[in-house]
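Structure at a glance
Next come the chains, spelled out residue by residue.
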Amino acid sequence: MATNDLQAAQSDLIVGIDLGTTNSLVAIVDAHGPRVLGDDDAQVMPSVVRVERDGSFVVGQAAADRMVELPERTINSVKRLMGRSIRDAQGDLAYLGYQVVEGEHDTARVRIETDDGERVYAPQELSAVILRELKQRAESALGHPVEKAVVTVPAYFDDAQRQATRDAGRLAGLEVVRIVNEPTAAALAYGIGTRGEGKSQTIAVYDLGGGTF
Ligand SMILES: Nc1ncnc2c1ncn2[C@@H]1O[C@H](COP(=O)(O)OP(=O)(O)OP(=O)(O)O)[C@@H](O)[C@H]1O
Ligand SMILES: [Mg+2]
């Protein structure tokens, strides 16, 4: 392939991101079929962000490892807050070790104490930290920039939750070209795996995740 063609193919590449309540990962489909990107021992990344006292972020396994020790500055399950009002999220708050406060228009915000006082984050901003890390993992695995992604969401996500997911992508420097329901993505992946058999069949997808049942 000529260099220009190669660059065009690279910039058109769309990764798939499973942005889970507990774990997240980034994958591509290429000539070899679908594959998850990342090191062999780090393909699945805990969806956890720690905000350090200086305001910097620690993401993934390193953040999850100290979740019990630093619950008030370790944000897990931020997906439960995405695009939801503080009232709607009320039932989930008892399970979160960090402080959730009310933002403008009844939105749920995460409040973390820092050396300079406090920082208050929209769930989209914290989700963006996870997405940015996945983007970087994909870029280092592929060796070129990644700018477009399909992101999966639970089938029950409403418009506000889907929009919040798109916003998180944008904040992470990703154009979210499509939002796909998680069980639909599972069915599509099954179809890729059985491509060529040519038979029509009915499959049931059972969706069991950290936040979806
Ligand atoms: N089939 C299963 N049997 C037993 N435990 C499971 C199963 N599926 C998931 N779990 C447990 O639940 C945890 C979270 O699962 P998973 O990573 O699939 O959720 P998620 O994708 O982060 O959440 P969601 O899709 O609901 O947003 C896993 O680490 C595992 O401990
Ligand atoms: Mg899941």
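Residues numbered from 1 in each chain as written. Chains lettered and ligands numbered in written order. Predicted model: local features only at pLDDT ≥ 70, side-chain atom pairs only at ≥ 80, totals over all residues. Heavy atoms only, no water.

1. As for helix H5 (residues 159–171)
Inclusion rule: Helix and strand assignments come from DSSP, with helices taken as H or I runs of at least 4 residues and strands as E runs of at least 2, each series counted from the N terminus. Multiplying 1.5 Å by the residue count of a helix minus one yields the expected span of that helix. Working rule for contacts: check all heavy atoms of both residues, and any pair within 4.5 Å makes them a contact. Counted as a polar contact is a pair of N or O atoms within 3.5 Å, where, for protein atoms, one must be capable of donating a hydrogen and the other of accepting one, and residues adjacent in sequence contribute only when both atoms are in side chains.
Taking 1.5 Å as the rise per residue, H5 with 13 residues should run 18 Å; its terminal C-alpha atoms sit 18 Å apart, in good agreement. Contacts made by the buried residues of H5 are with strand S1 (14–19), helix H4 (123–142), strand S11 (148–153) and strand S12 (175–181). N-capping of H5 is provided by Asp158, with a side-chain oxygen placed 3.1 Å from the backbone N of Ala160. Just downstream of H5 lies Gly173, where phi reads positive at about 85°.

2. Re the sheet that holds strand S5 (residues 49–51)
Counted only if it meets this: Strand pairing follows a simple DSSP-based rule, namely that at least 2 bridges must link the two strands.
The strand order across the open sheet formed by 3 strands is S6-S5-S7, and the pairing between neighbours is antiparallel. Since the sheet does not close on itself, it has two edges, and those belong to strand S6 (57–59) and strand S7 (74–75), each with one partner. Bridging between S5 and S6 involves 3 bridges; their strand directions are antiparallel. Bridge pairing in S6 places Val49 opposite Val59.

3. Quick word on the sheet that holds strand S9 (residues 108–114)
We apply this condition: To define axes, lines are fitted to C-alpha atoms, for helices over the stretch in contact only, and angles between the resulting N-to-C directions are given on a 0 to 180 degree scale.
Taken in spatial order, the 3 strands line up as S8-S9-S10 in an open sheet, and their pairing is antiparallel. Taken across any chain shown, the strands that pair with only one partner, and hence form the sheet edges, are strand S8 (99–102) and strand S10 (117–121). Sheet twist, expressed as the mean angle between neighbouring strand axes with direction ignored, is 40°. Bridge analysis of S8 against S9 gives 4 bridges, and the strand direction is antiparallel. Residue pairing for S9: Val101 is matched across the bridge by Arg109. Those strands touched by H4 are S9 and S10, and its axis lies near 85° from that of S10.

4. Section: the domain arrangement of the protein chain
Accessible area lost when the parts come together is the quantity often used to give the size of an interface. Where we set the bar: Those domain boundaries reflect an automatic or database domain assignment. Two parts placed together each lose some accessible area; with a 1.4 Å probe, that loss summed over both constitutes the buried area. Any carboxyl oxygen of Asp or Glu that lies within 4 Å of a side-chain nitrogen of Lys or Arg is treated as forming a salt bridge with it.
On domain assignment, one finds that the protein chain holds domain 1 (3–45 + 125–193) and domain 2 (48–124). For domain 1 versus domain 2, the separation of C-alpha centres amounts to 23 Å. Each side of the interface is counted separately: domain 1 has 21 residues, and domain 2 has 19 residues. For the domain 1 and domain 2 pair, buried surface summed over both sides reaches about 1,700 Å², with 68% attributable to carbon and sulfur atoms. Considering only the side of domain 1, the residues that lose the most area to domain 2 are Thr21, Glu125 and Leu126, jointly responsible for 40% of the buried surface there. Along the contact surface separating domain 1 from domain 2 lie 1 salt bridge. Among the salt bridges present, the one from Glu182 reaches Lys79, with a minimum N-O distance of 2.8 Å. At the surface where domain 1 touches domain 2, the tally comes to 10 residue pairs in polar contact (both at pLDDT 80 or more).

5. A few points about the nonpolar core
Here is the rule we go by: Residues enter a nonpolar core if they are buried and are Ala, Val, Leu, Ile, Met, Phe, Trp, Tyr or Cys, with the set joined through side-chain atoms within 4.5 Å. Burial classes: relative accessible area under 20% of the type maximum marks a residue as buried, over 50% as exposed, and values in between as partly exposed (1.4 Å probe, protein chains only).
Ranked by size, the top nonpolar core spans 42 residues in total, and within it Val15, Ile17, Ile75, Leu81, Tyr98, Val100 and Leu131 carry the most contacts. With 7 residues, the single largest contributor to this core is H4. Lining this core are residues from two domains, each supplying at least three of them: domain 1 (3–45 + 125–193) and domain 2 (48–124). Every residue in contact with Leu131, bar those within four places of it in the chain, is listed here: Ile17, Leu19, Ala168, Gly169, Ala172 and Leu174.

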